[in-house]
Amino acid sequence: MSHPDYRLNLRPLGTPRGASSLAGPRGVGASPGDKKSKSKTTRGKKKSIFETYLSKEDVSEGLKRGTLIQGVLRINPKKFHEAFIPSPDGDRDIFIDGVVARNRALNGDLVVVNLLPEEQWKVIKPESNDKETEGAYESDLPEELCGSHLLQQSLKGYNDSPDVIIEAQFDDSDSEDGHGNMQNALVDGVKKLSVCVHEKGKEDAGAPVTKDENTFMSQDTRALPEKSLQRSAKVVYILEKKHSRAATGFLKLLADKNSELFRKYALFSPSDHRVPRIYVPLKDCPRDFVTRPKDYANTLFICRIVDWKEDSNFALGQLAKSLGQAGEIEPETEGILTEYGVDFSDFSSEVLECLPQDLPWTIPPEEFSKRRDLRSPSSSKKCFRIKDCVFTIDPSTARDLDDALSCKPVADGNFEVGVHIADVSYFVPEGSSLDKVAAERATSVYLVQKVVPMLPRLLCEELCSLNPMTDKLTFSVIWTLTPKGKILSEWFGQTVIRSCTKLSYEHAQSMIEGPTRKIPEEELPPVSPEHTSEEVHRAVLNLHRIAKELRQQRFVDGALRLDQLKLAFTLDHETGLPQGCHIYEYRDSNKLVEEFMLLANMAVARKIHCAFPERALLRRHPPPQTKMLNDLVEFCDQMGLPMDFSSAGALNKSLMETFGDDKYSLARKEVLTNMCSRPMQMALYFCSGVLQDQAQFRHYALNVPLYTHFTSPIRRFADVLVHRLLAATLAGHQGGLSSARGSQAPSDPGQGHHAAQNPAKDGTHTAPASGPPTTLCPGYRELPDVEPEALQKQADHCNDRRMASKRVQELSTSLFFAILVKVRPPACRPSPSLHPTFPPGRLFTGRAPGVRGLWQLGWALGGTCIPWPSLGWSPAMQESGPLESEAMVMGVLSQAFDVLVLRYGVQKRIYCNGQRLRGGA
């Protein structure tokens, strides 16, 4: 399920949210007791509020003729009466104005819309300072594009094997209408920042407005330039309800105690503004709720929408569960997981019965005949082989180790380098109950304090995890590489490995930084007797040197990297509360692992696509959205920034060369990097037989024609599918290696497939070396019994769950940061006394009054009122004292400006009035 843009609001909902801003005959969102449910003229016959959906036949015909358009609905979290779908031509998003036009669709749903007549299109005022016109949705950077900056605290996840580079942090600084027409809001804001003075009793600056100030219909649209119009539409059908229809929120009584509804229903107010308020039967509520409603004012509930009639302003729902007190970590976390449809229930007995029952489990003897044995000579019958030094590099607290590396010198000064990935597919039989639940979950979900695994922990942490000094089943890709990283040969196959040690990124980094230093044994983890710490050290250094060459060549060949700051937390072992946070540093040890994971993913993508051109599961990254990219180009031109957006490589080069290395320049680079991330599209899994144009297969950020995910099968079901395809690819192939340019073939090739290749810069390669035909090797499987359409459906589901997982991770980070900062609500009524002007790129320092003289920066910058009790505060907690941090302005609106807080990498919106600000250098 895809939920493209959700914000966690921790405050209890004691008052209606923006009821005046919602459209409808009675004002959708108005409390049912606020007005009589029937007027005399309509008594006996309910008036329809929403249009009846078109029939499936009409929708199908309309999509074929092009009179209807489909797309994923995004609802603006800051102006929730506004919604958007992407334009099929990549131009400005299509605007959907109001709840009625949205026609009961929720955020993330796949909808069909009908364009309105041109005279009803949205008109953008040329003088508006807030002239952004795209739907507010976060930058959906693929993990291959951004840095692995956010370290999972207690479990591997945020920065596991470097192909697992965590996706970009979801920001809540989207401009009021999104981030589409960026140059208008920013450049106009440079000219003047107008601060609106609010009168007492009116909504605060952060509240939704009742009508878009950029829209006015009184003009003749035919006289307006095309750039001033935004196509507008209404929803006529919901193709797929991807939103979970679950919401967290608060209960309250209806206002009219004399109404019939009061005796039957309570009102559920979701925390998410974009979900409608819901009638909940009183029988679902706590028994004493009607008599003691205030007792539940800060209790967080889960409610599920079961129906939403055409003639009703409100949805009907069922109260599913009471979570606990709002603002406490576990209730809030459970609410987040439920809203995004994450299955965090225990695995059923039927699923657990699919696992090996005789423990401790050992590899069956017959399996060794099907695989290449990479264990050291003492544990292998083939003692003539040079032993392979295999080891893992992961976060220090990681328990699901799904990738390992090996490196040993061969003839002519070259190296045999291997990437070894846990063979999860061996333990997950196709069609089994375990397979079905893994396919449904599709991904592990990593929170700050815990993980929701895709597979049972026995698999994640024991049977599949490449723990040191134990025999493990793996898939391997082994190359013969020159010291410059040139591929002379590559081999694919199923293997048996024994990792000699479990290195952390810190261990590997210390080896890289001290190449000649003998590291004391007490500073390193245990190493198996067959190997020495010096041998591991040499292997790490050789891998590091090759990785640097590979990385340099990737960027020469046109790859793009948008590194964004990520928060990492330290947690109290007893309470689980955050004690501190810091920006996670992405170092050479991370880059080392990343390069070889990327290399393996690209190699496997070529392999499976060559074998099964119609059934390969690949991963593509479309180019940036045209309209948003053009806006960014215009903005950079007006700001005098010499940026080249003609290709991924050109953009990467511009970011590297445009800015200096002083603090101010680096801060400006962070801001521009963030802005560059906004036009980027999601990377998507897809089946190669579904897309006709192979040009669409390309991965924009990596600038390669084929890519897939192979290296994290413990936590991604897409990788399991790729493993099955690779196993089928290897079926029937056996024999020796025909090495390029006389390079030495890896010893003991075993069962597998070798291709001599000399990759071109675009990632293409020569045909695999041919070998004698053989019978089907018992260690490999036939092609999975799945048609391209079915595989595409699985790919779509993996995309949806991956996006939901990403949002959950980001909300978990936001929750812990809010608790760490321990907010006290500002005086929500703005003061008209301050009128600062901050152009983008301006540094400032902020401080604001509150309890004990200060309220902390993080949420103060967000302008959100959150009571102390809702953040789990107690007098026992000690204050961290004044918190001041430099931030850089990213964008200027009419009543606020967006900033990037440099110390934390957090983006927030500041409502200027009432802030005590002082300019900085």
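Predicted model only: the values in this text are computed from it and were never measured.

Here is what the cut-offs are and how they apply
Residues numbered from 1 in each chain as written. Predicted model: local features only at pLDDT ≥ 70, side-chain atom pairs only at ≥ 80, totals over all residues. Heavy atoms only, no water. Helix = DSSP H or I, 4+ residues; strand = E, 2+ residues; numbered from the N terminus. Contact = heavy atoms within 4.5 Å. Pairing = 2+ DSSP bridges. Buried < 20%, exposed > 50% of the residue type's maximum accessible area, 1.4 Å probe, protein only. Phe/Tyr/Trp six-rings, centres within 6.5 Å; stacked < 30°, edge-to-face > 60°. Lys NZ or Arg CZ within 6 Å of the ring centre and 35° of its normal. Axes fitted to C-alpha atoms, helices over the stretch in contact; angles between N-to-C directions. Parallel < 35°, antiparallel > 145°, perpendicular 65-115°, else oblique. Left-handed = near helix turned anticlockwise from the far one by under 90°. Nonpolar A, V, L, I, M, F, W, Y, C, P; charged D, E, K, R; others polar. Expected span 1.5 Å × (residues − 1). Salt bridge = Lys/Arg side-chain N within 4 Å of Asp/Glu carboxyl O. pLDDT = per-residue confidence, 0-100. Disulfide = S-S within 2.5 Å. Polar contact = N/O pair within 3.5 Å; in protein donor to acceptor, adjacent residues only side chain to side chain.

On a plain count of helices and strands, the protein comes out with 16 helices and 32 strands. In the protein, the proportion of contacts linking residues at least 24 apart, taken out of those at least 6 apart, comes to 76%.

This part is about the sheet that holds strand S3 (residues 82–85). Pairing in this open sheet of 3 strands is antiparallel, and the strands run S2-S3-S4 from one edge to the other. The two strands at the open ends of the sheet, each matched to only one other strand, are strand S2 (74–75) and strand S4 (94–97). The pairing of S2 with S3 spans 2 bridges and is classified as antiparallel. Residue pairing for S3: Arg-74 is matched across the bridge by Phe-84.

On to unusual backbone geometry, then. With omega at 0 degrees, the peptide bond leading from Leu-359 into Pro-360 counts as cis. Assignment of secondary structure puts Pro-360 in the loop between helix H5 (349–352) and strand S14 (372–373). We note that Arg-245 has phi near 65 degrees; this positive angle belongs to a residue other than glycine. Examined against the element boundaries, Arg-245 turns out to sit in the loop between strand S8 (233–240) and strand S9 (246–252). Among the residues examined, Arg-245 registers a relative accessible area of 12% and is labelled buried. Although it is not a glycine, Ala-442 sits at a positive phi angle of roughly 70 degrees. In this fold, Ala-442 is placed in the loop between helix H6 (433–441) and strand S18 (445–446). On the basis of relative accessibility, which here comes to 5%, the residue Ala-442 falls in the buried class.

The subject of this paragraph is the packing of aromatic side chains. Summed over all chains, the structure comprises 12 aromatic pairs. Measuring from ring centre to ring centre gives 6.0 Å for Phe-569 and Phe-816, while their planes differ by 55 degrees; the resulting arrangement is tilted. One end of the pair, Phe-569, is in strand S23 (residues 567–571); the other, Phe-816, is in helix H15 (residues 788–821), and 247 residues separate them in sequence. In terms of burial, Phe-569 and Phe-816 fall into one category: buried. One aromatic cluster in this structure is built from Tyr-265, Tyr-279 and Phe-314. The lysine or arginine in question, Arg-441, covers the ring of Phe-347, its NZ or CZ lying 4.1 Å from the ring centre.

With that out of the way, let us pick up the packing of helix H4 (residues 329–339) against H15. Running from amino to carboxyl end, H4 crosses H15 at an angle of 160 degrees, the nearest separation of the two axes being 10 Å. The orientation of H4 with respect to H15, classified from their angle, is roughly antiparallel. For the crossing formed where H4 meets H15, the hand is right-handed. For the pair formed by H4 and H15, the contact residues are Ile-329, Glu-332, Thr-333, Ile-336 and Leu-337 on the first element and Val-808, Leu-811, Ser-812, Leu-815, Phe-816 and Ile-819 on the second. When the residues that make up the contact of H4 with H15 are grouped by side-chain class, the tally is 8 nonpolar, 2 polar and 1 charged.

Mapped onto the secondary structure, Leu-815 falls in helix H15. Spatially, the C-alpha atoms of Leu-815 and Val-448 are 9.2 Å apart, while their sequence positions differ by 367 residues.

Now for the pairing of strand S11 (residues 278–281). Each regular strand carries side chains that alternate between the two faces of the sheet. Here S11 shows a buried face lined by Ile-278 and Val-280 and a second buried face lined by Tyr-279 and Pro-281. In the sheet, strand S10 (residues 265–270) pairs with S11 via 4 bridges, with the strands oriented antiparallel. Bridge assignment links Ala-266 to a residue of S11, and that residue is Val-280. In this structure, S11 lies alongside strand S13 (residues 315–325), joined through 2 bridges in parallel fashion. Looking at the pairing, Tyr-279 lines up with Leu-316 of S13.

Looking now at helix H11 (residues 626–638). Look at H11: 18 Å from first C-alpha to last across 13 residues, which is about the 18 Å you get at 1.5 Å a residue. For H11, the set of buried residues is Lys-627, Met-628, Leu-629, Asp-631, Leu-632, Phe-635 and Cys-636. Directly after H11, the chain includes Gly-640, whose backbone phi takes a positive value near 75 degrees.

We now examine the pattern of salt bridges. One pass over the full model with this rule turns up 42 salt bridges. For Asp-89, the salt bridge identified is with Arg-231, shortest N-O distance 4.0 Å. Within this pair, whereas Asp-89 is found in the loop between S3 and S4, its partner Arg-231 is found in the loop between strand S7 (229–230) and S8, the two being separated by 142 residues in sequence. Residue classification places Asp-89 among the exposed residues on the basis of a relative accessible area of 53%. For Arg-231, a relative accessible area of 24% corresponds to the partly exposed category.

With that settled, the discussion passes to the confidence of the model for the protein. Put simply, the protein has an average pLDDT of 77, and 70% of its residues get 70 or more. Mean pLDDT across the elements of the protein ranges from a minimum in helix H16 (residues 857–860), with 32, to a maximum in strand S25 (residues 617–620), with 98.

Next up on the list: the sheet that holds strand S1 (residues 68–72). An order of S1-S5-S8 is seen for the 3 strands of this open sheet, with the pairing classed as antiparallel. Two strands close off the open sheet at either side, each with one partner strand: S1 and S8. On average, adjacent strands in this sheet sit at an angle of 30 degrees to one another, irrespective of strand direction. Pairing of strand S5 (residues 110–115) with S8 involves 6 bridges; the strand directions are antiparallel. For Val-113, the partnering residue across the bridge sits in S8 and is Val-235.

Quick look at the packing of helix H8 (residues 505–513) against helix H10 (residues 588–611) now. Where H8 contacts H10, the two axes come as close as 8 Å, and the packing angle between them is 105 degrees. For the element pair H8 / H10, the angle class is roughly perpendicular. Of H10, the residues touching H8 (which contributes Tyr-505, Ala-508, Gln-509 and Ile-512) are Asp-588, Ser-589, Asn-590, Leu-592 and Val-593. For the contact of H8 with H10, a count of residues per class yields 5 nonpolar, 3 polar and 1 charged.

Mapped onto the secondary structure, Asn-467 falls in the loop between helix H7 (457–463) and strand S20 (471–481). Non-local contacts of Asn-467, meaning those with residues more than four positions away in its chain, are made with Arg-399, Leu-401, Glu-461, Glu-462, Lys-472 and Ser-499.

Next up on the list: the state of the cysteines. One pass over the full model with this rule turns up 0 disulfides. Cys-676 provides the cysteine sulfur closest to Cys-636, a residue in no disulfide bond, and the two sulfurs are 6.1 Å apart.

Examined against the element boundaries, Glu-416 turns out to sit in strand S17 (residues 415–422). By relative accessible area, Glu-416 is classed as buried at 5%. Among the polar contacts listed, one links the side chain of Glu-416 to the side chain of Arg-372, at a separation of 3.4 Å.

Summarising the element assignment, Cys-146 is placed in the loop between strand S6 (122–123) and helix H3 (182–191). Spatially, the C-alpha atom of Cys-146 lies 9.3 Å from that of Ala-701, the residues being 555 residues apart in sequence.

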